[in-house]
Amino acid sequence: MNRKLTFTLIIVFLICYLPLFAQGDSSTEEVGRTVIKNGVGLGAVIAVVASWSRNASILWAILHGLFSWFYVIYFALSRSSER
């Protein structure tokens, strides 16, 4: 995985999951349920990042984000082994 994609995935992970840990002990579970219920799924985030790294197109990134895990699996199976 190239450095730019790795760095982007780390940033997305931090943005999505750090707010869950910033809350107090009593409200962490409630916040977690709300984020999971109303937030963007991890598969959609990975799909958008992978699509952008391959196509650099907003429209393709949105479409692949809607397919989420299906596109992630396709991306993993179809990418070349170049590094």
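Please read these numbers as outputs of a predicted model, since none were measured by experiment.

So, about the confidence of the model for the protein. Taken as a whole, the protein shows an average pLDDT of 74; of its residues, 61% reach a score of 70 or greater. For the protein, the element scoring lowest by mean pLDDT is helix 2 (residues 28-38), at 55; helix 3 (residues 42-55) scores highest, at 90.

There is a patch of nonpolar side chains on the surface, built from Trp52, Ile58, Trp60, Ile62, Leu63, Leu66, Phe67 and Phe70 and spanning about 950 Å² of accessible area. At six residues, the largest contribution of residues to the nonpolar patch is made by helix 4 (residues 58-67). Locating Trp60 in the fold gives a position in helix 4.

Calculation notes
Residues numbered from 1 in each chain as written. Predicted model: local features only at pLDDT ≥ 70, side-chain atom pairs only at ≥ 80, totals over all residues. Heavy atoms only, no water. pLDDT = per-residue confidence, 0-100. Helix = DSSP H or I, 4+ residues; strand = E, 2+ residues; numbered from the N terminus. Patch = residues over 30% accessible without salt bridge, like charges linked within 9 Å, V, L, I, M, F, W, Y side chains within 5 Å. Areas by Shrake-Rupley, 256 points an atom, 1.4 Å probe, with all protein chains shown as cover. Salt bridge = Lys/Arg side-chain N within 4 Å of Asp/Glu carboxyl O.

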